[in-house]
Amino acid sequence: MPASRRTKTNLSANVALLCAWGMTEEVSRCLASSIARYFSGDAGGANTNSVASRRRRQSGKQPAVDGTGLPWLNIDVCLGILGHILKGSYPASVTARESILKSETAYNAIASALRMAQSAAERMIKPQRAADVAETCSTMIKNMGISIECYGRLLVHKEAMKGEIPMKLSPEWKSLVTWVTNAILSALTKLTTKDGYYPLMDLDL
């Protein structure tokens, strides 16, 4: 199935069922480890020059499972699942979302993995690497953007779970928004990737 189809397919019902079976932490670890692997470069993602990535490309092999026996998922699948879970009122999405938010282990695993997208973006826009930014492919930038959006949604949902009115935004969320405004938007206005993609052209402003 093409990546675009995988991203749009709503697997919330499947995830909600697994959570109902008491597998919330396993689901979260599976998503988190796959996202972390992508942004660490072990899947040929953000750090495609890593020793592990080069060896796997040379051998033509990718590990099917992580060290705990959970499967590695394609980044499009992971972000597609999280995207559906973290937005909308579809009952299965709400069920899966609440299961993850109520488990500190599950929540922390996913939050930590999504923060790696922020770290990857920070490395990309460092002044000393400005010449390399234009060589970044559009797929990587899109995945960074989707992951950072998911991280923001996750933080907001976590605060909303407290039921406080008015809802207070956490220091982490405020810090993320400030960083996106001051660092990311500023960098993206100057960026066109090697495949001619301009990251802001699809924004509905």
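Analysis parameters
Residues numbered from 1 in each chain as written. Predicted model: local features only at pLDDT ≥ 70, side-chain atom pairs only at ≥ 80, totals over all residues. Heavy atoms only, no water. pLDDT = per-residue confidence, 0-100. Contact = heavy atoms within 4.5 Å. Helix = DSSP H or I, 4+ residues; strand = E, 2+ residues; numbered from the N terminus. Expected span 1.5 Å × (residues − 1). Buried < 20%, exposed > 50% of the residue type's maximum accessible area, 1.4 Å probe, protein only. Arc of directions from axis to C-beta. Core = buried A, V, L, I, M, F, W, Y, C linked by side-chain atoms within 4.5 Å. Axes fitted to C-alpha atoms, helices over the stretch in contact; angles between N-to-C directions. Parallel < 35°, antiparallel > 145°, perpendicular 65-115°, else oblique. Left-handed = near helix turned anticlockwise from the far one by under 90°. Nonpolar A, V, L, I, M, F, W, Y, C, P; charged D, E, K, R; others polar.

Caption draft 1: Representation of the confidence of the model for the chain. On average, the chain scores 76 in pLDDT, and the residues at 70 or more come to 65%. In this model, residues 47-61 is a region of pLDDT below 50 whose contacts with residues beyond four sequence positions or in other chains number 17 contacts.

Caption draft 2: Here's a closer look at helix H6 (residues 91-102). If you check H6, its first and last C-alpha atoms are 16 Å apart, about what twelve residues at 1.5 Å a residue would give, namely 16 Å. Among the residues of H6, Ala92, Ser93, Ala96, Arg97, Ile100 and Leu101 are the ones counted as buried. Taken down its axis, H6 places every buried residue within 160 degrees of arc, on the same side. The exposed set on the far side of H6, more than 90 degrees from its buried face, consists of Pro91 and Lys102.

Caption draft 3: Geometry of the nonpolar core. Counting residues in each nonpolar core, the largest one holds 43 residues, and the members touching the most others are Val15, Ile35, Phe39, Leu82, Leu114, Met144 and Leu154. Elements that contribute at least two residues to this core include exactly helix H2 (12-20), helix H3 (24-40), helix H5 (75-85), H6, helix H7 (104-124), helix H9 (138-160) and helix H10 (171-188). Of all the elements, H7 adds the most residues to this core, at ten residues. Those residues within four positions of Leu114 in sequence are excluded, and the remaining contacts are Ile35, Leu82, Ser147, Cys150, Tyr151 and Leu154.

Caption draft 4: Geometry of the packing of H3 against H5. One can describe the packing of H3 onto H5 by two numbers: an axis separation of 9 Å at closest approach and a directional angle of 130 degrees. One element, H3, and the other, H5, form an angle in the oblique class. At the point where H3 passes H5, the crossing takes the left-handed sense. Across from Leu31, Ser34, Ile35 and Tyr38 in H3, the residues of H5 making contact are Ile75, Cys78, Leu79, Ile81 and Leu82. By residue class, the composition of the contact of H3 with H5 is eight nonpolar, one polar and no charged.

Caption draft 5: Region of the structure containing the packing of H7 against H9. Across the interface, H7 lies against H9 with an axial gap of 9 Å and an inter-helix angle of 140 degrees. Here H9 runs oblique to H7, going by the angle between their axes. With respect to the hand of their crossing, H7 and H9 are arranged in left-handed fashion. Judged by residue contacts, Glu104, Tyr107, Ile110, Ala111, Leu114, Arg115, Ala117, Gln118, Ala120, Ala121 and Met124 of H7 engage Ile141, Met144, Ser147, Ile148, Cys150, Tyr151, Leu154, Leu155 and Lys158 from H9. In terms of residue class, the contact of H7 with H9 is built from 15 nonpolar, two polar and three charged.

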